[in-house]
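Each chain, letter by letter, is given below.
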Amino acid sequence: MTSEQKRRVLIKLSGEALGGSAGFGIDPALLQQKAEELANLTRMGVQCAVVLGGGNLFRGAALQKAGLDRVIGDEMGMLATVMNGLAMQDAIKRAGVPCVLMSTYGIPSITVQYQAAFGRELLAQGNVLIAAGGTGSPFFTTDTTAVLRAIELNCDEVFKGTKVDGIYNADPVTHPDAVMYRHLTFKEALAQELQVMDLTAFALARDHHMPIRVFNLNKEGALNRAALGEDEGTLVSD
């Protein structure tokens, strides 16, 4: 592959994906498994940017019900993504691939200040790039952050890892006969108000023609197949 032919993708991992069966904290074995997958993709020539959620370390909903200011809660959540980013950066480096942790928050001793142009350079040089700190503003989810960063970094596609194989017409956990969509348009996803990703993220992706692929993060080989352009999971596009 030449540098012009290399795929550049953004992978959105929820905080819960790092928490394992407990859904809280960081499962070391699971962290290393995901890091190895990202390292292998990079060695295959795929340029990987990563956005991590923070729900495994902090969830502000209960505190907000008790009176915590929403803005403060969101800022705490964005800092939780930096903590997850530090753990993932270390795991990817231990897997033998260079990795840079960027953050919208200026924490010069542990992160690099996020800047899109520099991020594109790092990806082109073969680094895994972790974009932490959310958008830097409250009221926006890490789903929206993932789409925004993918647009800024000139990615080809956004991958949203979930616990099921794709997007269904009903919850497959409670409806065994649910049918999985192979492709949806942004218009259909917005009209159905699909809960797999927030509507702001879908609308931003639609406006900038950024495809989103939803797949099972825990399915063996699924991330590899998606990153290499195979028909994995559900594609949401124009």
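Remember, predicted model here, so these are calculated numbers, not experimental data.

Asks: Honestly, the environment of R7 in this entry has me stumped. Any pointers?
Replies: By the element assignment, R7 lies in the segment before β1 (8–13). As for R7 and Q47, which are separated by 40 residues in sequence, their C-alpha atoms are 6.1 Å apart. Residues contacting R7, with those up to four places away along its chain left out, are G45, V46, Q47, D156, E157, F159, A226, A227, L228 and G229. A polar atom in the side chain of R7 sits 2.5 Å from the backbone oxygen of A227.

Asks: Got a minute to help me understand the side chain of T234 in this structure?
Replies: Assignment of secondary structure puts T234 in strand β11 (residues 234–237). Under the relative-accessibility criterion, T234 is labelled buried at 0%. Engagement of the side chain of T234 in a polar contact is seen with the backbone nitrogen of I167, the distance being 2.9 Å. Discounting chain neighbours no more than four positions away, the residues touching T234 are D165, G166, I167, M180, Y181, R182, H183, I212, R213 and V214.

Asks: I would appreciate a short explanation of the pattern of salt bridges in the present structure.
Replies: Any two side chains of opposite charge can pair, so long as their charged atoms come close to each other. According to the stated counting rule, one finds 12 salt bridges in the structure shown. For D143, the salt bridge identified is with K12, shortest N-O distance 2.8 Å. Here D143 is found in helix α6 (residues 142–152), whereas its partner K12 is found in strand β1, with 131 residues between them in sequence. Overall, K12 belongs to the buried group, its relative accessible area being 5%. Ionic pairing is found between D207 and R206, a salt bridge with its closest N-O pair at 3.0 Å. You can call D207 partly exposed: its relative accessible area is 48%. Residue classification places R206 among the partly exposed positions, given a relative accessible area of 36%. In this structure, a network of salt bridges that share partners links the residues R7, E157, R213 and D231.

Asks: Any chance you could explain the nonpolar core here in plain terms?
Replies: Generally speaking, soluble globular proteins have nonpolar side chains that are buried together. Ranked by size, the top nonpolar core spans 33 residues in total, and within it I11, M88, I92, I130 and F159 carry the most contacts. Those elements giving two or more residues to this core turn out to be β1, α1 (15–19), α2 (28–43), β2 (47–52), α4 (70–94), β3 (99–103), β5 (128–132) and α9 (222–227). Ignoring anything within four residues of it in the chain, the contact list for F159 reads R7, V9, L10, I11, K12, R213, F215, L223, A226 and A227. With 32 residues, the next largest nonpolar core counts L123, L184, M210 and I212 among its residues.

Asks: Explanation requested: the packing of aromatic side chains in the structure shown.
Replies: Within a pair of aromatic rings, the relevant descriptors are the distance that separates the centres and the angle that separates the planes. As enumerated under the stated definition, the model contains one aromatic pair in all. Ring centres of F159 and F215 lie 6.1 Å apart, and the angle between their planes is 90°; on these two criteria the pair is classed as edge-to-face. Remark: F215 occurs in strand β10 (residues 212–216) and F159 occurs in strand β6 (residues 157–162); sequence separation between them is 56 residues. Each member of the pair, F159 together with F215, is buried. When the ring centre of Y114 is taken as origin, the NZ or CZ atom of R149, which lies over that ring, is 4.0 Å away.

Asks: Whenever I open this one, the side chain of N127 confuses me. Can you help?
Replies: Among the structural elements, N127 can be located in the loop between α5 (116–124) and β5. Taking the relative accessible area as the measure of exposure, N127 reaches 12% and is therefore buried. At 2.9 Å, the side chain of N127 forms a polar contact with the backbone oxygen of L122. Beyond its immediate stretch of four places on either side in the chain, N127 contacts C48, P98, C99, V100 and L122.

Analysis parameters
- Within every chain, residues take consecutive numbers counted from 1 along the sequence as written.
- Reporting of local features is limited, given that this is a predicted model, to residues whose pLDDT is at least 70; pairs of side-chain atoms are given and counted only at 80 or more, and all residues count toward the totals for whole chains, interfaces and linings.
- To obtain the side-chain values, all non-hydrogen atoms of the structure were included, while hydrogens and water were left out.
- Numbering goes from the N terminus for both helices and strands, where a helix is a DSSP run of H or I of at least four residues and a strand is a run of E of at least two.
- In this description, contact between two residues means that some pair of their heavy atoms is separated by no more than 4.5 Å.
- Here a polar contact is recorded for every N or O atom pair within 3.5 Å, except that within protein the pair must consist of a potential hydrogen donor and a potential acceptor, and residues adjacent in sequence are included only if both atoms are side-chain atoms.
- Residue burial is assigned from relative accessible area. The probe radius is 1.4 Å, only protein chains are included, and a residue is buried under 20% of its type maximum, exposed over 50%, and partly exposed in between.
- Any Lys or Arg side-chain nitrogen found within 4 Å of a carboxyl oxygen on Asp or Glu counts as a salt bridge.
- To form a nonpolar core, buried Ala, Val, Leu, Ile, Met, Phe, Trp, Tyr and Cys residues must be joined to one another through side-chain atoms within 4.5 Å.
- Ring pairs are drawn from Phe, Tyr and Trp, using the six-membered ring of Trp, whenever the two centres fall within 6.5 Å, and their geometry is named by plane angle: stacked under 30 degrees, edge-to-face over 60, tilted for the rest.
- Should the NZ of a Lys or the CZ of an Arg lie within 6 Å of a ring centre and within 35 degrees of the ring normal, that charge is described as sitting over the ring.

Function cannot be inferred from these measures alone, as they are strictly geometric.
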